[in-house]
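# Fold and geometry: a report
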Number of protein chains: 2
Amino acid sequence: MPSRAVSAPTAPRPGGPLPWRYPHLVPETPPATHPVATSGPVKVVGTGLLGASLGLALRAAGVPVQLADASPSALALARDIGAGSPAAGTDREPALVVVATPPDVAAVTVLAELARHPAAVVTDVASVKAAVAAEVEADAGEGAARYVGSHPMAGRERSGAAAADADLFAGRPWVIVPGAASDAAAVLAVRSLAVDVGAAPVTLGAQEHDDAVALVSHLPQLAASLVAARLRETPEAALALSGQGLRDVTRIAASDPQLWATILVGNAAPVARALREVRTDLDTLLAALDRAATEGPDAPGATGPLAQVVAAGRTGVARIPGKHGGAPRRYGEVSVLVPDSPGELGRLFGEVGEAGINIEDLQLEHSAGQRVGLAILSVLPSAVAPLEAELDRRGWRVVAR
Amino acid sequence: MPSRAVSAPTAPRPGGPLPWRYPHLVPETPPATHPVATSGPVKVVGTGLLGASLGLALRAAGVPVQLADASPSALALARDIGAGSPAAGTDREPALVVVATPPDVAAVTVLAELARHPAAVVTDVASVKAAVAAEVEADAGEGAARYVGSHPMAGRERSGAAAADADLFAGRPWVIVPGAASDAAAVLAVRSLAVDVGAAPVTLGAQEHDDAVALVSHLPQLAASLVAARLRETPEAALALSGQGLRDVTRIAASDPQLWATILVGNAAPVARALREVRTDLDTLLAALDRAATEGPDAPGATGPLAQVVAAGRTGVARIPGKHGGAPRRYGEVSVLVPDSPGELGRLFGEVGEAGINIEDLQLEHSAGQRVGLAILSVLPSAVAPLEAELDRRGWRVVAR
């Protein structure tokens, strides 16, 4: 993996800025301009994708990192990619312990670390929070004041330290979940950790978090899996008609079954609640479709319920915030035919850039049977007309939508 | 819509090549090199998105187009954007009639056109085929030999002639559905029409087609709507955690409810069959989640079924063909942090082009709270290492995945 070298830590600069090597790539709230608040040492327990990535990010910021993992080989891999040094008896006491184990052992690990390091703030990064919080608050006693739950929204279809990345958290939301007993200093320490690795901290209650991820993360995952599962026996001829819609709906179905099973059982009640609502609507659809199948398309009660469910979805999707976590906004679209050969896409974007227009979002539509693609550029509504005129002037084939 | 001008027909060149104005944008099988086989006149009945787009494409190829629509205003709009001339008693008899009405009136319209034009080949572009074919074959008598069903896979979230586009069919599959009675010349005429407007013809049986679109088009639409419908009441704080996964799964939920209701009732049985399979898996998930919710995450029979459904989806999604209708292939991915300012994406693609590497696919990950994005470039596996090295050399922040 040559790319790993790129993310390997540079010379530690204790307390110094994050080494963003390319000033022109620094985001609006630039890590480069704020010294890291996390002094460390930070102990990372569990060196999978999240733990190892966190180690890389902290080491790159000059923060000493101690690593622990139940698996010696996983630990060795994390050490070898530069995520930190294996924890040893001779270590300085960590100021902060991050538990990045699988969710099913997060709580017991948090309790053990609270006991092992009586002065340390302890957090976990499990993707489900209420269960962990309840167990810790029940058994940690005094220690509960030093525990703060958290959840960096930075999953990935690959897992393990081999996929680790110092930039994994850059620009992602990092949910901070203070417990009833958490003291302010502990909350600040975890919040600082999120900011120091480039994430955007968001504070939520444990149940509030779990209900949220059930809807915005767990339900979509299951829907994608349920649709994709239907394609196991589909004839090639049918699959050849696949369009961008199917590809988008099923993309995340490629995720890791074991990891997802663990996440889902950990958030069973909220996910079941969401799935039950889906099933109610699904039964409505089935009743309407059966009516149409038996009595014909004009059967009373066939079209109406179908249109209502599609309309409800249209209302819901409009509520998803736009990029950068901003309020939803309508961008205008400019569609351009682009030949599928090296540099053409580059030429297009270069010329859009020369026109001083920012591309807010982009979608590539694949063409079946021909090597020409459709690039759909989302730009500010006010920029649509000038951009279309400019691209046309430059000889691009702008497509009316 | 300044872009409409771009798609407006150029001076007709009867029998001449399609006027691809930009040689560097001609796809691999370039329309520019084959004269159109469709001589016309072609009569288009129904001047919505598909009918008007077809008119634009044929006119641009120098083929005379006669337009008809039940709505005088829709007809006038199609005429005004250059899709053809309103059909008149004085017209030459059309050689080909394309019925582009809503699916629920397609069959009756096909029958009327077969009777009205005793020498013409008649096709329809309804997105559901078995019902139309059955009705036509039952009532057309001799005329059935001149009917061939078809379905250009070129839908769009917008509708009406206002969204028409001469390039709508470029590179899209166009399903040809010969009936039992269709004669060879009629099939060839419809196939030629598809090729002449830049589509990739695919021959399927009516039921085969309907079963296929139920799985690759109708089911994903309903799944997107069902997930998106859950977001109607979701708190803003929860929606703020939305990631690319939710956005992808729900994108097509923005489609037109009335149009979809008509499509779904027209393909009720196959869609219901697919939905029932989904419901069976969904019940399996609910049973497992309920077990976990009541007996805890380690309850027997909780994790297993969840992992199985996710694994089944993983198997299915792997069967979706890659772009250009080719066999699924594994591309390598190169991920690069890109600041969200004009020209940066362009600079990136330009430099990838200079490196002589073709971008097979592209995905932009949005960042919440920061104005920096992650561009994930899909390239041939052999190109990953050289591209990462080159981009790193040029000062880009390549991200390990």
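Only a predicted model underlies this, so the values are computations on that prediction, with no experimental measurement involved.

## Quick notes on the layout of surface pockets
Over the atoms, a rolled probe matching the size of one water molecule traces out where space is still vacant. Roughly 450 Å³ of internal volume is contained in the second largest pocket. Along its surface, the second largest pocket is lined by 24 residues, and A:Ala131, A:Val265, A:Gly266, A:Asn267 and B:Pro297 are the ones closest to its centre. Counting residues per element, the ones that place at least two in the lining of the second largest pocket are helix H5 (130–139), helix H7 (206–229), helix H10 (257–266) and helix H11 (268–295) of chain A together with helix H11 (268–295) of chain B. Residue classes in the lining of the second largest pocket are distributed as 13 nonpolar, seven polar and four charged.

## What to know about the pairing of strand E4 (residues 96–99) of chain A
All names here are of chain A. In E4, alternate side chains face the same way, and those of Leu 96 and Val 98 on one face and Val 97 and Val 99 on the other are all buried. Where strand E1 (residues 42–45) meets E4, four bridges bridge the pair, whose relative direction is parallel. Within the sheet, the bridge partner assigned to Val 45 lies in E4 and is Val 99. Sheet topology places E4 next to strand E5 (residues 121–124); four bridges connect them, and they run parallel. Paired with Val 99 across the bridge in E5 is Asp 124. Once you follow E4 into helix H4 (residues 106–116) and on to E5, the crossover reads as right-handed.

## Things to note about the domain arrangement of chain A
Residues and elements named next belong to chain A. Domain boundaries in chain A define domain 1 (23–205), domain 2 (213–317) and domain 3 (332–399). Put simply, the middle of domain 1 and the middle of domain 2, counted by C-alpha atoms, are 35 Å apart. Counting residues at the interface gives seven residues for domain 1, matched by 10 residues for domain 2. Both faces combined, the contact of domain 1 with domain 2 buries some 710 Å², and carbon together with sulfur accounts for 65% of it. If you look at where domain 1 meets domain 2, you find zero salt bridges. Between domain 1 and domain 2 we count zero residue pairs in polar contact (both at pLDDT 80 or more) in total. When its residues are assigned to classes, the side of domain 1 that touches domain 2 shows three nonpolar, two polar and two charged.

## Notes on the sheet that holds strand E1 (residues 42–45) of chain B
All names here are of chain B. Taken in spatial order, the eight strands make up an open sheet running E3-E2-E1-E4-E5-E6-E7-E8, and their pairing is mixed. Either end of the sheet is taken by a strand with one partner, and the two such strands are strand E3 (85–86) and strand E8 (200–203). Bridge analysis of strand E2 (residues 65–68) against E3 gives two bridges, and the strand direction is parallel. If you follow Gln 66 over to E3, its bridge partner there is Ser 85. Lying on the sheet, helix H6 (residues 184–196) is in contact with strand E4 (96–99), strand E5 (121–124), strand E6 (147–152), strand E7 (173–178) and E8; it crosses E7 at an angle near 170°.

## Focus on the interface of chain B and chain A
With 161 residues of chain B at the contact, the number on the chain A side is 161 residues. Between chain B and chain A lies a buried interface of about 14600 Å² when both sides are counted; carbon and sulfur atoms form 64% of it. Along the contact surface separating chain B from chain A lie 14 salt bridges. Summed over the shared surface of chain B and chain A, the number is 24 residue pairs in polar contact (both at pLDDT 80 or more). When residues of the side of chain B that touches chain A are assigned to their parent elements, the largest contribution, 19 residues, is made by H11(B). Classifying every residue of the side of chain B that touches chain A gives 88 nonpolar, 35 polar and 38 charged.

Cut-off values and rules
Residues numbered from 1 in each chain as written. Chains lettered and ligands numbered in written order. Predicted model: local features only at pLDDT ≥ 70, side-chain atom pairs only at ≥ 80, totals over all residues. Heavy atoms only, no water. 1 Å grid on protein atoms, 1.4 Å probe; cavity = no way out; pocket = protein on both sides within 12 Å on 5 of 7 lines; lining within 4 Å. Points joined across faces, edges and corners; volume = space filled by probe spheres on them. Helix = DSSP H or I, 4+ residues; strand = E, 2+ residues; numbered from the N terminus. Nonpolar A, V, L, I, M, F, W, Y, C, P; charged D, E, K, R; others polar. Buried < 20%, exposed > 50% of the residue type's maximum accessible area, 1.4 Å probe, protein only. Pairing = 2+ DSSP bridges. Right-handed = clockwise from strand over helix to strand, strands pointing away. Domains from an automatic or database assignment. Contact = heavy atoms within 4.5 Å. Buried area = accessible area lost by both parts, 1.4 Å probe. Salt bridge = Lys/Arg side-chain N within 4 Å of Asp/Glu carboxyl O. Polar contact = N/O pair within 3.5 Å; in protein donor to acceptor, adjacent residues only side chain to side chain. Axes fitted to C-alpha atoms, helices over the stretch in contact; angles between N-to-C directions.

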